[in-house]
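What follows is each chain in one-letter form.
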Amino acid sequence: MKFGAVPVDEAIGALAAHSVRAGEMVVKKGTLVSPDIARQLKKAGVETIISARLEPGDMGEDEAAARLAQALAGENVRVEAPFTGRSNLYAKTSGVLVVDADAIDGFNAIDEAMTTATLLAYKPVVAGEMVGTVKIIPYAIPEALVQKGLSRIGRDALRVAPYGRRSVGVISTMLPGLKPGVVDKTVAVLAKRLQPANASIVWERRVPHDTAALAQELAARASSDAQLIIVFGASAIADRRDVIPSAIESAGGRVEHFGMPVDPGNLLLLGSIAGKPVIGAPGCARSPRENGFDWILHRLLADLPVTRADIMSLGVGGLLMEIVSRPQPRGGGESEDEE
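Everything quoted here is computed from the prediction, not taken from an experiment.

Asker: Account for the overall build of the chain, naming residues and giving values.
Answerer: A count of helical and extended segments in the chain gives 9 helices and 20 strands. Each principal axis of the C-alpha atoms in the chain carries an extent, and together these give about 90 × 40 × 30 Å. In the chain, which comprises 339 residues, the share counted as buried stands at 49%. Sequence-distant contacts in the chain: of pairs separated by 6 or more residues, those separated by 24 or more amount to 68%. Accessible surface, the chain as shown: approximately 16,100 Å² in total, 52% of it carbon and sulfur. Distance between charge centroids for the chain: 4 Å, based on 37 positive and 40 negative side chains.

Right, here's the structure in full:
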């Protein structure tokens, strides 16, 4: 692409690189300079303008943006028609955004002339929400560069995993000092958390904070209609040998991972029983504010696998805002039940 200041006559057939105002006449940025426009500009006293002219092998900004966005868009992502070198991508359905970060980073490293940006990976999104954008910086880029970008970005690097798990079972363990009203509030908060995923609590049980009692309830409910089981402990999990992990294993289940580098949310436990996931919720999950529990909950509701490696990769960005439900600030002594 040729770019620079040229006499008005030489700009015919090129694009005005910047808006030009001459008296009452305005030529908007990106306008194709026609003979009539050139004549009017000269009449208004304009002798030169900065123009952009495509050369053989160039691809216009809109076509380039559209082709790259179409390649980027995967399952449940739609592409908006390009405008001024930008093509936006939107979620077709509610779910969790899945991003191939290596593909995005690799694409953006190719050349400064073409860029793409997305929301954070694994962010819950709703239908119609903008999840990404492709922007071509100049008015045109070589088609060979577009081809290189298409090769690097691959296919379907941005997709939305729709919510698939709709039924959730809840077990709360009880101790004498835990008021039933606290549990009632916890269940209500969870119900609101599930609404964006169109999921609901299909059953709720309360048992003593005891390994045998909880194991018996887990075993009894393992084959229920709940696709996900969440256990709220009367006391926070302090060790893999504590009540909740021990009960999961005693009931024939498995503890996949305990602990996560997200604060609040450190004391989350992930397990499974009868092929369905079990979350040992951290104390902060009683609060409606965002915490590490939300991150794992939404992935599981979207039927996305969550591994130990997935959890331990959450440290960067895992320090979340202070929440008012913590009885003490982090700097002044920890309250383990809120972790």
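Resuming the write-up.
Asker: How would you explain the packing of helix 2 (residues 61-72) against helix 4 (residues 143-153) if you had to name every residue and give the values?
Answerer: Relative to each other, helix 2 and helix 4 sit at 10°, their axes nearing to 10 Å. Overall, the two elements helix 2 and helix 4 adopt an arrangement that is roughly parallel. Contacts between helix 2 and helix 4 pair Ala64, Arg67, Leu68, Ala71 and Leu72 from the former with Glu143, Val146, Gln147, Gly149, Leu150 and Ile153 from the latter. A per-class count over the contact of helix 2 with helix 4 returns 7 nonpolar, 2 polar and 2 charged.

Asker: Give me the environment of Gln40: which residues, what numbers.
Answerer: Within the secondary structure, Gln40 sits in helix 1 (residues 35-43). Residue class for Gln40 comes out partly exposed when judged on its relative accessible area of 37%.

Asker: Residues and numbers for the sheet that holds strand 20 (residues 276-281), please.
Answerer: One open sheet holds the 6 strands; their spatial order is 16-15-17-20-19-18, and the pairing between them is mixed. The two strands at the open ends of the sheet, each matched to only one other strand, are strand 16 (200-208) and strand 18 (254-258). Within the sheet, the average angular offset between the axes of one strand and its neighbour, ignoring direction, is 20°. Bridging between strand 18 and strand 19 (residues 269-273) involves 4 bridges; their strand directions are antiparallel. Pairing of Phe258 across the sheet is with Leu269, part of strand 19. Lying over the sheet, helix 8 (residues 292-301) contacts strand 15 (167-174), strand 17 (228-232), strand 19 and strand 20, oriented at roughly 170° with respect to strand 20.

Asker: Outline the side chain of Asn291, supporting the account with residue identities and numerical values.
Answerer: Of note, Asn291 is situated in the loop between strand 20 and helix 8. Separated by 3.1 Å, the side chain of Asn291 and the backbone oxygen of Cys284 make a polar contact. Polar side-chain contacts of Asn291 include one of 2.9 Å to the backbone nitrogen of Phe293. Discounting residues that sit within four places of it in the chain, Asn291 has contacts with Arg193, Pro264, Cys284, Ala285 and Leu320.

Asker: Can you break down the packing of helix 6 (residues 211-221) against helix 7 (residues 243-250) residue by residue, with the values?
Answerer: The contact between helix 6 and helix 7 brings their axes to 8 Å, and the two run at 45°. When the interaxial angle is binned, helix 6 and helix 7 end up oblique. Where helix 6 crosses over helix 7, the two elements pack in a sense that is right-handed. Note on element contacts: helix 7 touches helix 6 through Val243, Ile244, Ser246, Ala247, Ile248 and Ser250, opposite Thr211, Leu214, Ala215 and Leu218.

Asker: Could you give an account of the packing of aromatic side chains, naming the residues involved and the relevant values?
Answerer: Per the stated rule, a full pass over the model turns up 1 aromatic pair. The interplanar angle of 55° and the centroid separation of 6.3 Å between the aromatic rings of Phe232 and Phe293 together place this pair among those described as tilted. Of the two residues, Phe232 is situated in strand 17 and Phe293 in helix 8; the sequence distance between them amounts to 61 residues. As far as burial versus exposure is concerned, Phe232 and Phe293 are alike and both buried. It is Arg221 that lies over the ring of Trp203; its NZ or CZ is 5.2 Å from the centre.

Asker: Explain the pattern of salt bridges to me, and be specific about the residues and the numbers.
Answerer: Considering all chains together, one arrives at 11 salt bridges under this definition. In this structure, Arg67 engages Glu143 in a salt bridge whose closest nitrogen and oxygen atoms are separated by 3.8 Å. With Arg67 in helix 2 and Glu143 in helix 4, this pair connects stretches of sequence that are 76 residues apart. Linking Arg241 and Asp239 is a salt bridge whose minimum nitrogen-to-oxygen distance equals 2.7 Å. A network of salt bridges, in which partner residues are shared, links Asp184, Glu204 and Arg206.

Asker: If you had to explain the confidence of the model for the chain to someone new, which residues and values would you point to?
Answerer: Looking at the chain, the pLDDT average stands at 93 and 95% of residues meet or exceed 70. Ignoring residues within four places in sequence, the model shows residues 332-337, a span with pLDDT below 50, making 11 contacts including any to other chains.

Asker: Tell me about the nonpolar core, residues and numbers included.
Answerer: Within the largest apolar cluster, 31 residues are counted, with the highest numbers of intra-cluster contacts made by Ile230, Ile279, Phe293, Ile296, Leu297 and Leu301. Elements with a contribution of two residues or more to this core: strand 9 (95-99), strand 15, helix 5 (180-194), strand 17, strand 20 and helix 8. Residue contributions to this core peak at 5 residues, all from helix 8. Apart from the residues within four sequence positions on either side, Leu297 is in contact with Leu190, Arg193, Leu194, Leu228, Ile230 and Ile279. Within the second largest apolar cluster, 30 residues are counted, among which are Ala71, Leu72, Leu145 and Ala157.

Conventions and cut-offs
Residues numbered from 1 in each chain as written. Predicted model: local features only at pLDDT ≥ 70, side-chain atom pairs only at ≥ 80, totals over all residues. Heavy atoms only, no water. Helix = DSSP H or I, 4+ residues; strand = E, 2+ residues; numbered from the N terminus. Buried < 20%, exposed > 50% of the residue type's maximum accessible area, 1.4 Å probe, protein only. Contact = heavy atoms within 4.5 Å. Areas by Shrake-Rupley, 256 points an atom, 1.4 Å probe, with all protein chains shown as cover. Lys, Arg positive; Asp, Glu negative; His and termini not counted. Charge placed at Lys NZ, Arg CZ, Asp CG, Glu CD. Axes fitted to C-alpha atoms, helices over the stretch in contact; angles between N-to-C directions. Parallel < 35°, antiparallel > 145°, perpendicular 65-115°, else oblique. Nonpolar A, V, L, I, M, F, W, Y, C, P; charged D, E, K, R; others polar. Pairing = 2+ DSSP bridges. Polar contact = N/O pair within 3.5 Å; in protein donor to acceptor, adjacent residues only side chain to side chain. Left-handed = near helix turned anticlockwise from the far one by under 90°. Phe/Tyr/Trp six-rings, centres within 6.5 Å; stacked < 30°, edge-to-face > 60°. Lys NZ or Arg CZ within 6 Å of the ring centre and 35° of its normal. Salt bridge = Lys/Arg side-chain N within 4 Å of Asp/Glu carboxyl O. pLDDT = per-residue confidence, 0-100. Core = buried A, V, L, I, M, F, W, Y, C linked by side-chain atoms within 4.5 Å.

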